[in-house]
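Overview (structure and organization)
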Amino acid sequence: MPSHLFADRPAQPPEPGSVDALIKQTRRLRGDVDAVRRDAVVDDDDAQGRWQRALCDLAVHHLDDLGEHLGQLKEGMPPAVEAEPGDPALSTPLEAGADLTRVGSAEWNLLTDEVSWSEELFQIFGRSPEAGPLSLDELGSTLFSEDQPLLTSMVTACLVDGRPIDGEFRIVRADGRVRTLQMRGEPVLDPDGCTASMWAVLRDVSDLRRSQRAVRESRDSLQRQREIAQTEHRLAVELQEAVLPPWRGSLRFPHGSSGTLDVAAHYLPSATSALIGGGWYDALELPDGCSMLTVGDLTGHGVTATSGMAMMLGALRGMAMAGIAPGPLMGWLNQLLETSVQPALGSAVCCRFDPVRRVLTWAQAGHPAPLLFRHGSGRTLAPPEGVLLGATSGASYGQAEVRLEVGDVLVLHTDGLTPRSIEFSRADGTERLLALAPRFSAARSAQDVIRMVIEEFGEGEREDDACVLVARIGA
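Quick look at the structure, then. Throughout this document, residue positions are counted from 1 along each chain, in the order its sequence is written. For this predicted model, a pLDDT threshold of at least 70 governs which residues receive local features, and a threshold of 80 or more governs which side-chain atom pairs are given and counted, while totals over whole chains, interfaces and linings are taken from all residues. Neither water nor hydrogens contribute to the side-chain values; these are computed over all heavy atoms in the structure.

**Section: the sheet that holds strand E11 (residues 359-365)**
The antiparallel open sheet is built from five strands, whose spatial order is E8-E9-E10-E11-E14. Only two strands of the sheet have a single neighbouring strand rather than two, namely strand E8 (280-285) and strand E14 (400-403). On average, adjacent strands in this sheet sit at an angle of 15° to one another, irrespective of strand direction. In this analysis, strands are considered paired if DSSP registers two or more bridges between them. Per the convention used, a helix needs a DSSP run of H or I reaching at least four residues, while a strand needs a run of E reaching at least two, with both numbered from the N terminus. By the bridge criterion, four bridges tie E11 to E14 in an arrangement that is antiparallel. Looking at the pairing, Trp-362 lines up with Ala-400 of E14. Axes, fitted as lines to C-alpha atoms, cover a helix only where it is in contact. Angles between the N-to-C directions of the axes lie from 0 to 180 degrees.

**What to know about the pattern of salt bridges**
Criterion for a salt bridge: a side-chain nitrogen of Lys or Arg within 4 Å of a carboxyl oxygen of Asp or Glu. Scanning all chains against the criterion turns up 20 salt bridges. One salt bridge connects Arg-179 with Asp-204, and the closest N-O pair in it is separated by 2.9 Å. One end of the pair, Arg-179, is in strand E4 (residues 178-189); the other, Asp-204, is in strand E5 (residues 195-204), and 25 residues separate them in sequence. Its salt-bridge partner being Glu-456, residue Arg-432 comes within 3.3 Å of it at the nearest N-O pair. Pair noted here: Arg-432 is in helix H9 (residues 426-434) and Glu-456 is in helix H11 (residues 446-457), with a separation of 24 residues, a long-range link.

**Things to note about unusual backbone geometry**
For residues other than glycine, phi is negative in most cases, and the peptide bonds are mostly trans. Phi at Asp-113 takes a positive value of approximately 65°, unusual for a residue other than glycine. With respect to the helices and strands, the residue Asp-113 is situated in the loop between strand E1 (103-109) and strand E2 (115-117). Between buried and exposed lies partly exposed: a residue is buried under 20% and exposed over 50% of the maximum accessible area for its type, with that area taken using a 1.4 Å probe on protein chains only. Residue Asp-113 is classed as exposed on the basis of its relative accessible area, which comes to 66%.

**A few points about the sheet that holds E1**
In space, the five strands of this open sheet follow the order E2-E1-E5-E4-E3, with antiparallel pairing throughout. Where the open sheet ends on each side, the last strands, each with one partner, are E2 and strand E3 (165-172). Direction aside, the axes of adjacent strands within the sheet are offset by 25° on average. Pairing geometry for E1 and E2, over three bridges, is antiparallel. Across the sheet, the residue bridging to Glu-107 is Ser-116, located in E2. Along the sheet, helix H5 (residues 148-161) contacts E3, E4 and E5; its crossing angle with E3, the most-contacted strand, is approximately 145°. Only heavy atoms enter the contact rule, under which two residues are in contact if any of them lie within 4.5 Å. Lying over the sheet, helix H6 (residues 206-243) contacts E3, E4 and E5, oriented at roughly 125° with respect to E4.

Put into structure tokens, the structure is as follows:
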């Protein structure tokens, strides 16, 4: 940084037009960034939004500083360029009342003990010109005690060793306000090479450092939230994998019966694979020779949803093994969800298949009804009464029965399989499933039906995860 007192290093003044153009560009860019900052909607719980807003604030401070430096560079030049009519760039804070007091200069003469400050430096220190400038010793008294050794070492190195000054420190103004200043300067040598004086430029970087600190803090907060989200996602995946049935492919039971069930199921993740929900599927062979089939879903995502799913599925398995029928079983699940620590809503369908009579007894709680496919056509089973689990206390759940035939295909699914969209409604998704009836009837196994469902619904942009279970009645 060359000193303005060195006659042997003359500065070449910039062209007026080039500085004017830079000032104009800076004003326009500052206005654009400020517009983005004003339009940003920041939620207190949105770490990424706070980080983006902090970056905008930091960019505005940098552009303000750039505008101030260019304005000072232009001092002493011909009158400013006239603003073009209607030019929004010149209506920014840089043009109208911009704070140009954040950079000031000073010189301390060691031979005469004279001190000269610019008007801007008086304003930075909150000191009136009538009170006079501060000597180097007096300057140190305005600093934080922990910052005083830094100033002492910088001044000593400058005056004794001729080193340039470059450092930051905090001051306490007369009005009690704390400011952070950046000081840069050099010694001025006399003809004999001895230090005659020291000059410096002091810049108030308080707002800039505050913005940088806000960026760091919001970035760190965002990083912590991401790490927490990644950990919770991993735990949710591990819990889901531990709870859902481990079997892959087709499952057949009960063995040796004329009404053997061929069962297959599949979990379809959301489009991002980041939203692990509380969906489940399961099939059990019960002690009395019957079979239990179920799919369901809890509201929410992450560890809370998967832990709730684990609780519900565990209770459902236990009650089914105890011989509780689907309707009363739903009532107990509703009571369990009501009294759980984490309140939530859930939907479910539970079926009990008697292989001897080939009768399916089922109940539902606010859930899509099973689809029955027979002889190349499909239909939705008429649902019995049943509200969402956890929606109302003491709810009762009805049961329905349907007699199945050899070759029938039963499809149970969560509502995420046929999501709503601008183009399709839930009903449209059900119609798409029913339209697969001819292909389902030609399928040789439940696993073949699962593949057909995945081909139809597995490739789309899914907002939520989904579960599907297929049961085929064998001979």
